[in-house]
Structures are given as structure tokens and as C-alpha cells.
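Chain and residue survey
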Number of protein chains: 2
Amino acid sequence: MLPDPIKKFVDVFSQLPSIGPRQATRLAFFVSNSGKTKIKEISDAVSGLAHLTACAQCFRTQIGQGRLCSVCADPTRNKKLIAIVEKETDLLSIEKTKKFNGWYMLIGELHRNGELEPEQKLRLASLKSFIQKELSGPSAGSGQAKAEEIILATNPTVYGDLNAATLKKELEGFAEKITRLGRGIPTGGEIEFADEETLGSALERRN
Amino acid sequence: MLPDPIKKFVDVFSQLPSIGPRQATRLAFFVSNSGKTKIKEISDAVSGLAHLTACAQCFRTQIGQGRLCSVCADPTRNKKLIAIVEKETDLLSIEKTKKFNGWYMLIGELHRNGELEPEQKLRLASLKSFIQKELSGPSAGSGQAKAEEIILATNPTVYGDLNAATLKKELEGFAEKITRLGRGIPTGGEIEFADEETLGSALERRN
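Cut-offs used in this document
- Residues numbered from 1 in each chain as written.
- Chains lettered and ligands numbered in written order.
- Predicted model: local features only at pLDDT ≥ 70, side-chain atom pairs only at ≥ 80, totals over all residues.
- Helix = DSSP H or I, 4+ residues; strand = E, 2+ residues; numbered from the N terminus.
- Rg over C-alpha atoms; globule rule 2.2 N^0.38 Å.
- Buried ≥ 20, exposed ≤ 12 C-beta atoms within 10 Å, placed from the backbone.
- Contact = placed C-beta atoms within 7 Å.
- Pairing = 2+ DSSP bridges.
- Axes fitted to C-alpha atoms, helices over the stretch in contact; angles between N-to-C directions.
- Least-squares fit on C-alpha atoms with pLDDT ≥ 70 in both.
- Nonpolar A, V, L, I, M, F, W, Y, C, P; charged D, E, K, R; others polar.
- Domains from an automatic or database assignment.
- Parallel < 35°, antiparallel > 145°, perpendicular 65-115°, else oblique.
- pLDDT = per-residue confidence, 0-100.
- Right-handed = clockwise from strand over helix to strand, strands pointing away.
- Left-handed = near helix turned anticlockwise from the far one by under 90°.

The secondary structure content of chain A amounts to seven helices and six strands. When its helices and strands are written in sequence order, chain A yields α-α-α-β-β-β-α-β-α-β-α-β-α. Computed over its C-alpha atoms, the radius of gyration of chain A comes to 21 Å, more than 25% above the 17 Å expected for a compact globule of 207 residues. Within chain A, the proportion of its 207 residues that are buried is 29%. Taking all contacts inside chain A whose residues are at least 6 apart in sequence as the whole, residues at least 24 apart take part in 42%.

Written out as C-alpha cells, the structure is:
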């Protein structure tokens, strides 16, 4: 019933995260009705992404092969303070606070079953090898080189907690401290409307 | 902060309907991490839409220039029964019922202010000229040729009603009857949970 190019578009786009077949179908007709110039602009915007590569150290997306991203290449960043994030957008949100002076490790979205993908294991191995090679200063002595702190910046959800536990097990011994982001009532929030979980955390972590 | 190709992608995709800047950003990183083959597949799926054209009669999307779509070319369809729909997806939903034997006029999404775009006025003019040329059989006599029925198949919402009123004014005199889709309690629905508006309509239109 649907013309082939529409079908193809719907197939491809409904595999993307948070786009279902309905939205994909609506998009297909919208785009096909928007004219050849617009169609080319959209298709170019997609193919432009092929020029991106991952930073050799933190694996975030950047332009140019094999180089370090702006954060990893910045000599003023504290190399002993590492935040592990799941998504680029998490990384960007943390950068926007301007309160973090360490560097990141982009682990990729973690499975809900708590298992790590081969690529994610490689990234952790790369992090461990960085810690051993780059952070084994005189203070480390003869023992295992350690980061000062690894922040497991996964979401404060059941799955985020599970994944943080998995990562913590993997990284045990590679940092003086392994921490998570503080949780509590969001700024501007009201105690009356905070859910029990959040209010409980806020009580436990009062300061 | 974002690499240029990501920025470009976010700009272009957040202009599409029901994709906001946040979803566009997430999509950009997802696609850029999905590998060159996948990126090409997605960009090809978009550019494939450039091969589509509009049916010369009902304006729905189809393959091939200047020809009629399968519905308009079907001689068993009643040419005197016309459903005006806003979107291709509305048309497809109606076709799926297999209860409609007329043809369609795709008017495009109507503005919330009840005004018609120039393109929409052209489509209405094309519909009127079709009625005058094709439906002026001997039964029409010397007067205005008329369709048997025009169904204004806009959504049963405040805006859908407003738009139906606009279309009705435009098409007055071009059909014996101008109707809308019946409204009432959806099949499988429960009276107890129907909203007042729906239940009211169901009472008024009981049959």
C-alpha cells in the first residue's frame, strides 16, 4: 500500500531510538512533501555524520581521526578525576555546569540486564590502562596506580544503580574513591511534592 | 561545543514535526555512533523520497510523474463520493477499513487559524474543476454539476471542526451532501469512561 521509498524510510527510521513506526510514517510523508532541496539538506545532514570519529581517550564524538577531544587535550584538566557517563548528552550536561574539572569516559548506554557489551569492556580496559600508565606517579609507589576519584555518573534510577554496581566491581582498586552523583530534592523543588524515594535520599545525604 | 556535523543534523532534524532539539541531539549521536554503513543507509532512505511525486488528481504521494495513484486510477471507485483528508496517514487509515468506495482529496494539514494556504486553495480549485468537468452527466441538467457527497474527514476536535467549517463554506454547492465522520463511543469503549463531549455526541447521533 505504501510506495517503496516511503516503506524503506519507515523501516530505517523506526529502528532509531524513540521513533516508532507511526512517527516514522508521518515523517516520511512530511519529508517527501517538503521538496527536493529540503530532502537533499536532510540527507546531507545525515551523511555529514560519517566524518565524525571517537576521541582516542574518552570515546566521545568529534571531528578528525585519532586525535583527542577538547576536554582530553586540555592540560588544565585533572587527569586523576574521571566521570563515567553513558551518553554524550550526559557529558554535555555535566560540562555545562562548569563544576567538573576532570575528564570523561563515555561508556555508551548500558544494558538493563547489567551486562557489558564487548565494546564497553574494551573501553573499561582502555581506562584501566590509562590509569596504570599515566597515573603511576611517585605517589603511587610500587603498588597499583590509582585515580583520585571515579564518578559513576549513571542516572539515579534502578537501572542506573544496577549499572553503577557493575562498573564499580570492574573498577575496584583503580581509584581511591568510586562515587556517584548526589541525589536529593532538585533546586527549586518543593518538599511537599518530592516523591518518597527522593526525599529519603535527601534525608540520608543531608549536608 | 557540539561538532559541526552534529549541530547541522540537530538544526535540520529539530525542524521536523514532533522532533525537538533534545531528541534530535540524541539521534545525532546515536546515528554518528552507528557506523558508516548505517549512516549511508539512513541518508539513502531520505534521498529516496525525492523520487516520489503527487498524484495528479488527489495529490497523495506516489512513485512516477503525472500519473494517477492506485485509488484514482481504479474505475470501480465511485467518482461522485469524495473524502477530504488532511494527511496521508488519515487516508491510509480510512482505506484500511475497506468501507470507503469513493476517492480522496489530500488537502494537507490545515492551519489552526482556519485559513487556507495558497497550495490548499489550488487543491480545492482542482477538486471543483474535477466536479464540474467529470461529474456533469445528464442528471446534472443545466445547473451546477455536483458530487453525491463530500466527506470532510478532519479530526473530531475543536480545530478539526473549525477547518471542516472553512472547507464546507468553500465547497457549498459542489455536492448534494457535505458530511463529517460520525462521532461517538469507540468500539470496545465503555460508557462509564467516555468523556462528556463524546458521550454527548453519541447521544445526539444515536442510530
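Attention now goes to the sheet that holds strand E6 (residues 175–180) of chain A. Residue and element names in this part refer to chain A. The parallel open sheet is built from four strands, whose spatial order is E4-E3-E5-E6. Two strands in the sheet have a free side with no partner beyond their single neighbour: strand E4 (103–106) and E6. Mean inter-strand twist for the sheet, computed between neighbouring axes without regard to direction, equals 25 degrees.

Our focus in this paragraph is the relation of the copies chain B and chain A. Laying chain B over chain A is done by rotating through 180 degrees and shifting 0.0 Å along the axis; what remains is an RMSD of 0.0 Å. In the structure described here, the two chain copies are related by an operation that fits a two-fold rotation axis. Rotation axis and chain B: the residue whose C-alpha lies nearest the axis is Ser-43 of chain B, separated from it by 2.3 Å. Interface residue correspondence from chain B to chain A reaches 100%, placing this contact among same-surface, isologous pairings.

All names here are of chain B. Here we have four strands laid out as an open sheet, ordered E4-E3-E5-E6, and parallel in their pairing. Here the strands that pair on one side only, and so sit at the sheet edges, are strand E4 (103–106) and strand E6 (175–180). Strand-to-strand twist in this sheet, taken as the mean axis angle between neighbours without regard to direction, amounts to 25 degrees. Pairing geometry for strand E5 (residues 147–153) and E6, over five bridges, is parallel. Among the inter-strand pairings, Glu-149 is bridged to a residue of E6, identified as Lys-177. Taken strand by strand, helix H4 (residues 88–97) contacts strand E3 (81–85), E4 and E5, and its axis lies near 135 degrees from that of E3.

A word on the interface of chain B and chain A. Contacts between the two partners involve 43 residues from chain B and, on the opposite side, 43 residues from chain A. Split into classes, the residues belonging to the side of chain B that touches chain A amount to 23 nonpolar, twelve polar and eight charged.

Moving on, we get to the domain arrangement of chain A. In terms of domains, chain A is made up of domain 1 (4–52) and domain 2 (69–180). When each unit is reduced to the centre of its C-alpha atoms, the spacing between domain 1 of chain A and domain 2 of chain A is 35 Å.

Direction vectors running N to C along helix H3 (residues 36–47) of chain A and helix H3 (residues 36–47) of chain B enclose 180 degrees, while the axes themselves pass 8 Å from each other. The angle between the axes of H3 of chain A and H3 of chain B places the two elements in the roughly antiparallel class. Where H3 of chain A abuts H3 of chain B, its residues Ile-39, Lys-40, Ile-42, Ser-43, Val-46 and Ser-47 of chain A lie against Ile-39, Lys-40, Ile-42, Ser-43, Val-46 and Ser-47 of chain B. Each residue belonging to the contact of H3 of chain A with H3 of chain B can be placed in one class, and the counts come to six nonpolar, four polar and two charged.

For chain A, mean pLDDT is 88; residues scoring 70 or higher make up 95% of the total. When mean pLDDT is compared element by element in chain A, H3 of chain A scores highest at 96, while helix H7 (residues 196–204) of chain A scores lowest at 79.

Across the two faces of E4 of chain A the burial is the same, with Trp-103 and Met-105 of chain A and Tyr-104 and Leu-106 of chain A all buried. In this view, the connection linking strand E3 (residues 81–85) of chain A to its parallel neighbour E4 of chain A by way of helix H4 (residues 88–97) of chain A has right-handed handedness.

Residues and elements named next belong to chain A. Here Ile-150 is to be found in strand E5 (residues 147–153). Note on Ile-150: 25 C-beta atoms within 10 Å, which makes it buried. Distance in space between the C-alpha atoms of Ile-150 and Leu-68 is 20 Å, their sequence separation being 82 residues. Not counting residues up to four positions away in its chain, the partners in contact with Ile-150 are Ile-82, Ile-84, Leu-171, Phe-174, Ala-175 and Ile-178.

Residues and elements named next belong to chain A. If you check the backbone angles, Phe-59 has positive phi at about 70 degrees while not being a glycine. Assignment of secondary structure puts Phe-59 in the loop between strand E1 (52–54) and strand E2 (61–63). Given 24 C-beta atoms within 10 Å, Phe-59 falls into the buried group.

Here the focus is the packing of helix H1 (residues 4–13) of chain A against helix H2 (residues 21–32) of chain A. Residue and element names in this part refer to chain A. Contact geometry of H1 with H2 gives a least axis separation of 9 Å together with a crossing angle of 135 degrees. The orientation of H1 with respect to H2, classified from their angle, is oblique. Of the two possible hands of crossing, H1 and H2 adopt the one that is right-handed. Taking contact as the criterion, the partners of Ile-6, Phe-9, Val-10 and Phe-13 in H1 are, on H2, Pro-21, Ala-24, Thr-25, Leu-27, Ala-28 and Ser-32. The class makeup of the residues in the contact of H1 with H2 is eight nonpolar, two polar and no charged.

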